[in-house]
Amino acid sequence: MNNNYVIGADIGGSHITAALVDLANGAVVDSSKYKEPVNAGADARDILTRWSKAIGHVLTAANGEAAAIGVAMPGPFDYPEGISQIKGVAKYESLYGMNIRAALKASLGFEGGIYFENDASCFALGEAWAGEGAGCGRIVAVTLGTGLGGTFLHNNMILHEGKGIPPEGYIYHLPYKAGIAEDYISSRWLLNEYQQRKGQRLGEVKNIADLAEQQDATALALFSEMGHALGEVLAPWLKDFEAERLVIGGNIRKAHPYFLPALQTCLQQNNINTTVHISNRGENSALSGAAWICKSILVTNNNAR
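What you are looking at is a predicted structure, and each value in this text was computed from that prediction instead of being measured.

Caption draft 1: Seen up close, the packing of aromatic side chains. For the coordinates displayed, the defined rule picks out eight aromatic pairs. Arranged with centres 5.3 Å apart and planes meeting at 45°, the rings of Phe77 and Tyr79 form a pair that is tilted. Exposure remark for Phe77: the relative accessible area of 7% places this residue in the buried category. The class for Tyr79 is buried, based on a relative accessible area of 12%. Measuring from ring centre to ring centre gives 5.0 Å for Trp129 and Trp292, while their planes differ by 65°; the resulting arrangement is edge-to-face. Of this pair, Trp129 sits in helix α3 (residues 119-130) while Trp292 sits in helix α8 (residues 284-304), and the two are 163 residues apart along the sequence. We classify Trp292 as buried; its relative accessible area is 17%. Chaining the aromatic ring pairs together yields one cluster made of Phe77, Tyr79 and Phe116. Stacked on the ring of Tyr96, the Lys or Arg Lys87 has its end atom at 4.7 Å from the ring centre.

Caption draft 2: Molecular detail of the packing of helix α4 (residues 187-198) against helix α5 (residues 205-213). Where α4 meets α5, the axes come as close as 9 Å, and the angle between the chain directions of the two elements is 60°. In this structure, α4 crosses over α5, and the sense of that crossing is left-handed. Seen from α4, the contacting residues are Ser187, Leu190, Leu191 and Tyr194; seen from α5, they are Val205, Ile208 and Leu211. Partitioning the contact of α4 with α5 into residue classes produces six nonpolar, one polar and no charged.

Caption draft 3: Inspection of the nonpolar core at higher detail. In this structure, Val142, Leu144, Ile185, Leu190, Phe223, Leu230 and Ile248 are the most contacted members of the largest nonpolar core, which totals 45 residues. Listed by contribution, the elements that provide at least two residues to this core are β8 (138-144), β9 (148-154), α4, α5, α6 (217-241), β13 (245-249), α7 (256-269) and β14 (275-278). Considering each element in turn, this core owes the most residues, 11 residues, to α6. Excluding anything up to four places from it in sequence, Leu144 contacts Ile185, Met226, Leu230, Ile248, Gly249, Gly250, Asn251, Ile252 and Phe259. If you look at the next biggest cluster of nonpolar residues, it comprises 34 residues, including Ile16, Ala40, Ile55 and Val71.

Caption draft 4: Unusual backbone geometry, seen in detail. The peptide bond linking Gly75 to Pro76 adopts the cis configuration, its omega dihedral lying at 5°. Mapped onto the fold, Pro76 is located in the loop between β4 (68-73) and β5 (77-78). Backbone geometry at Asn155 places phi at a positive 50°, although glycine is not the residue there. Tracing the chain through its elements places Asn155 in the loop between β9 and β10 (157-159). What makes Asn155 exposed here is its relative accessible area of 51%. Of note in the backbone geometry, Asn271 takes a positive phi value of approximately 55° without being a glycine.

Caption draft 5: Structural detail: the pairing of strand β7 (residues 113-118). Most of β7 sits out of view: six of its six residues are buried. With six bridges joining them, β4 and β7 adopt parallel strand pairing. Residue Ala72 lies in a different strand from β7, and its bridge partner there is Glu117.

Caption draft 6: Spatial organisation of the packing of α6 against α7. Axis separation between α6 and α7 bottoms out at 7 Å; the angle between their running directions is 35°. Of the two possible hands of crossing, α6 and α7 adopt the one that is right-handed. In this structure, α6 uses Leu220, Phe223, Ser224, Met226, Gly227, His228, Leu230, Gly231, Glu232, Ala235 and Leu238 to contact α7, whose residues at the interface are Tyr258, Phe259, Ala262, Leu263, Cys266 and Leu267. Classifying every residue of the contact of α6 with α7 by side-chain character gives 12 nonpolar, four polar and one charged.

Caption draft 7: How the structure looks around the sheet that holds strand β3 (residues 34-37). In space, the five strands of this open sheet follow the order β3-β2-β1-β4-β7, with mixed pairing throughout. Single-partner strands in this sheet number two, and they are β3 and β7. Sheet twist, expressed as the mean angle between neighbouring strand axes with direction ignored, is 20°. As paired elements, strand β1 (residues 5-11) and strand β2 (residues 15-22) share seven bridges and run antiparallel to each other. Across the sheet, residue Ala9 finds its bridge partner in β2, namely Ala18. The strands touched by helix α1 (residues 44-61) within the sheet are β1, β2, β3 and β4, with β2 carrying the most contacts at an inclination of about 25°.

Criteria and cut-off values
- Residues numbered from 1 in each chain as written.
- Predicted model: local features only at pLDDT ≥ 70, side-chain atom pairs only at ≥ 80, totals over all residues.
- Heavy atoms only, no water.
- Phe/Tyr/Trp six-rings, centres within 6.5 Å; stacked < 30°, edge-to-face > 60°.
- Buried < 20%, exposed > 50% of the residue type's maximum accessible area, 1.4 Å probe, protein only.
- Helix = DSSP H or I, 4+ residues; strand = E, 2+ residues; numbered from the N terminus.
- Lys NZ or Arg CZ within 6 Å of the ring centre and 35° of its normal.
- Axes fitted to C-alpha atoms, helices over the stretch in contact; angles between N-to-C directions.
- Left-handed = near helix turned anticlockwise from the far one by under 90°.
- Contact = heavy atoms within 4.5 Å.
- Nonpolar A, V, L, I, M, F, W, Y, C, P; charged D, E, K, R; others polar.
- Core = buried A, V, L, I, M, F, W, Y, C linked by side-chain atoms within 4.5 Å.
- Pairing = 2+ DSSP bridges.

Structure below.
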């Protein structure tokens, strides 16, 4: 096995991306990157075939030499055991109860380790290693997309409890207004609110961002409200955690010119000194973060010998 590289894979709701990642610096080898579309509502065999195709393509390009495979996986999922617990979220339900590690090992014929971690946490680890959080000890990373992901890191360690850490280390379920944070900070909220206010259903958040660029008052108001909501949800935790940096990723990050001012104003009003950074690495951060999981385990295993 080549101990200089691992394969990082990022599993989303409509595709999987895999690539080689340099263990020296977390850099993704862009020439090795491979993306495969996936129907999250398909049967288990189809999904696993496509996942294996993407990872196998990178493995073949590396002549079968990679120290390990790290997978950024949405939850709910038993990450240590590699067993899918995804149910009731309208994606990958055919995999419920299946040992994904064993299935991939068999499909790929891979003898090395395959390790899993939450996709939002992988984004955070990737940013801490090779992105906007590099060199920083206390980071909160947030992903804005279909849902609301959040991870608290101290010296590149994922925290699930402790001072300034919300229950389980997540923010999506924090109480907010008449529901939880994710109800007001997500693509779902933006699209539903636009429809309620304008009587028109748009296909994706990018459509709302395009309208905001054209100074559409409703679109501008929605992003501003979402930014303010994010600030209100995060402020007490950023303060108690003494976060140095807040790093924002996810597809909605691309609309940051429209929500960032309201977020920063809210944080300033709450006397929060945490600096806000927008990720520019896209899915490369999740790939790097998945590789970081591999690196941590490989180092631990080597030290135990």
